[in-house]
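Examining the three-dimensional arrangement
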Amino acid sequence: MNRKIIVIEGYLASGNSSFALRLSKETGVPYLIKDTFKIALCEHIAIENEKESSRFSAAAFDGIMYVVERMFEAGYPIIVEGNFVPAGVKSVNEEGVLRQLIDKYGYTALTYQFMGDTQVLYQRFVEREKTPERGEANIRRDTVTHEKFEQWCHNLDAFHLEGDTIKVDTTSFVAVDFEGLLESAKRFLAD
């Protein structure tokens, strides 16, 4: 059994999902990505407004935690990606729920915390919202100002799990040592 979880979290439009996919391919460890989980959950359900979208985000988180717990029960490693909010930001302390499961099943966590210049990430966010890959479940139906975007990002700053945390500045993707990040994950899984 390999009781390891790799958590990839952080600012919006910072490359979390892309890294989770790449890491899964490189290591053979299954992954869960909150946005794609939400797309699958809502495939046959129309989302009409932001309130419904938020409700389905909460349902996606619950679904992911259900799958994580099943993986933990079996003792398998897993990669989980999302913008997991700590206590005090919304009604559910996503960080706390994840921490409780990690403690309950005796898992060890490695966290990659993606961040960057919020002005650059905001531009990525605006462009990303125009792509069909976002899916109806994740597209914003209201205008998001840079100030609001920055607030959302900084709401995630307090996220912390026991274990190592590697902070990754993705303001410029070409400046990121992705090979080094992949190697750190492989070492963590091999220990």
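Residues numbered from 1 in each chain as written. Predicted model: local features only at pLDDT ≥ 70, side-chain atom pairs only at ≥ 80, totals over all residues. Heavy atoms only, no water.

1. Digging into the pattern of salt bridges
As enumerated under the stated definition, the model contains eight salt bridges in all. Note that E179 is salt-bridged to R22, the shortest N-O span being 2.4 Å. Of this pair, E179 sits in helix α8 (residues 178-190) while R22 sits in helix α1 (residues 16-27), placing them 157 residues apart in sequence. Through salt bridges with shared partners, a single ionic network connects E69, R70, E73 and K104. (Salt bridge = Lys/Arg side-chain N within 4 Å of Asp/Glu carboxyl O. Helix = DSSP H or I, 4+ residues; strand = E, 2+ residues; numbered from the N terminus.)

2. Let's talk about the pairing of strand β1 (residues 4-10)
Within β1, seven of the seven residues are buried, which leaves it mostly tucked inside the rest of the structure. On β1, burial covers both faces: K4, I6, I8 and G10 on one face and I5, V7 and E9 on the other are all buried. Of the strand pairs in this sheet, β1 and strand β4 (residues 108-115) are connected by seven bridges, and their pairing is parallel. Paired with G10 across the two strands is F114, which belongs to β4. Here five bridges tie β1 to strand β3 (residues 78-82), and the two strands are oriented parallel to one another. Bridging from a neighbouring strand, I5 pairs with I78 of β3. (Buried < 20%, exposed > 50% of the residue type's maximum accessible area, 1.4 Å probe, protein only. Pairing = 2+ DSSP bridges.)

3. So, the packing of α1 against α8
Packing of α1 against α8 brings their axes to within 10 Å, and their N-to-C directions diverge by 55°. On the basis of their axis angle, the class for α1 and α8 is oblique. Between α1 and α8 lies a crossing whose hand is right-handed. Of the residues in α8, those in contact with F19, R22, L23, E26 and T27 of α1 are F178, E179, L181, L182, A185, K186 and L189. Partitioning the contact of α1 with α8 into residue classes produces seven nonpolar, one polar and four charged. (Axes fitted to C-alpha atoms, helices over the stretch in contact; angles between N-to-C directions. Parallel < 35°, antiparallel > 145°, perpendicular 65-115°, else oblique. Left-handed = near helix turned anticlockwise from the far one by under 90°. Contact = heavy atoms within 4.5 Å. Nonpolar A, V, L, I, M, F, W, Y, C, P; charged D, E, K, R; others polar.)

4. Looking at the pairing of β3
The element β3 is extensively covered by neighbouring structure, given that five of its five residues are classed as buried. The side-chain alternation of β3 yields two buried faces, one formed by I78, V80 and G82 and the other by I79 and E81.

5. What about unusual backbone geometry?
Residues other than glycine seldom take positive phi values, yet A13 does so here, at roughly 60°. Looking at the element boundaries, A13 is found in the loop between β1 and α1. The buried category is assigned to A13, whose relative accessible area is 8%.

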